[in-house]
Amino acid sequence: MEHIYKKIKNLRLEQGMTLKDLSEKTNLSVSFLSQIERGSSSLAITSFKKIADAFNVSMSYFFEDTENHNYAVKKGSQKPFKVEGAETTHIRLAGKFPDRRLEPLKITLVPKQKDEQQFSHPGEELYYVLKGTVIFRIENKEYVLNEGDSIHFPSEKVHQWENPTSEETILLCVLTPVIF
């Protein structure tokens, strides 16, 4: 994570921003942003997204060393990752090119995993069940999906998911906007 913290500071300085300027754009405190840049605080995905948006870059900018216009993503280069504090495993499936608008991911939910938090944010989400069962709760309606089923909804709708089984569930996800 240290390279991410350094990129945040470098980008802020390159754009001529003070910590106060970044704080005003992100609604995150100056002291918290200072701790992030020093690597003395962890960074939640929601705060990370606010910082990326303030710099007008995708979150993936902070993970890449150089921009590589590669449209194919070979199995061997697909690296699983988890967002801090979450059980969900993600694998990026996106090619690398400027102005990408879709975020394709392979997502694995552990047995009995349930999001306690509900989400609502700009964009769209599409999920296709590759293996297992998942329950999506969108607004107050429940959708039980099995292998081969799909769901597509506006992300602004309050939503959460659950794997009700004792087996892992694997989903193909395509969403907007680009977040990783």
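Residues numbered from 1 in each chain as written. Predicted model: local features only at pLDDT ≥ 70, side-chain atom pairs only at ≥ 80, totals over all residues. Heavy atoms only, no water.

Assignment of secondary structure puts Glu162 in strand β8 (residues 159-162). In contact with Glu162, other than residues within four places in its own chain, are Gln113, Lys114, Thr133, Val134, Ile135 and Arg137. (Helix = DSSP H or I, 4+ residues; strand = E, 2+ residues; numbered from the N terminus. Contact = heavy atoms within 4.5 Å.)

Of the consecutive residues Thr176 and Pro177, the connecting peptide bond is found in the cis state with omega at -5 degrees. As for its position among the elements, Pro177 is in the segment after β9 (169-176). Although it is not a glycine, Asn27 sits at a positive phi angle of roughly 60 degrees. As for its placement among the helices and strands, Asn27 is situated in the loop between α2 (19-26) and α3 (30-38). The residue Lys112 is not glycine, and still its phi comes out positive at about 65 degrees.

UniProt's feature table lists "domain: HTH cro/C1-type" (unreviewed entry) at residues 8-62, given in the numbering used throughout. For residues 8-62, helix accounts for 64% and strand for 0%, while the C-alpha atoms at its two ends are 8 Å apart. (UniProt positions renumbered as here; feature names shortened; annotations may be inferred.)

Burial of the side chains of strand β2 (residues 89-92) extends over both faces: Thr89 and Ile91 are buried on one face and His90 and Arg92 on the other. With 2 bridges connecting them, strand β1 (residues 80-81) and β2 associate as antiparallel partners. Counted as the bridge partner of Phe81 is His90 from β2. With 4 bridges connecting them, β2 and strand β3 (residues 103-109) associate as antiparallel partners. Counterpart to His90 in the pairing with β3 is Ile107. (Buried < 20%, exposed > 50% of the residue type's maximum accessible area, 1.4 Å probe, protein only. Pairing = 2+ DSSP bridges.)

Further remarks concern the packing of α2 against helix α4 (residues 45-55). One can describe the packing of α2 onto α4 by two numbers: an axis separation of 9 Å at closest approach and a directional angle of 110 degrees. Accordingly, the angle class assigned to the pair α2 and α4 is roughly perpendicular. Crossing angle aside, the handedness with which α2 passes α4 is right-handed. Of the residues in α4, those touching α2 at Leu22, Lys25 and Thr26 are Lys50, Ile51, Ala54 and Phe55. (Axes fitted to C-alpha atoms, helices over the stretch in contact; angles between N-to-C directions. Parallel < 35°, antiparallel > 145°, perpendicular 65-115°, else oblique. Left-handed = near helix turned anticlockwise from the far one by under 90°.)

Right, let's talk about the pattern of salt bridges for a bit. As enumerated under the stated definition, the model contains 9 salt bridges in all. Its salt-bridge partner being Arg12, residue Glu37 comes within 2.6 Å of it at the nearest N-O pair. Residue Glu37 is located in helix α3, and its partner Arg12 is located in helix α1 (residues 2-14); the two are separated by 25 residues in the primary sequence. The salt bridge involving Glu103 is made with Arg92; its shortest N-O contact spans 3.9 Å. (Salt bridge = Lys/Arg side-chain N within 4 Å of Asp/Glu carboxyl O.)

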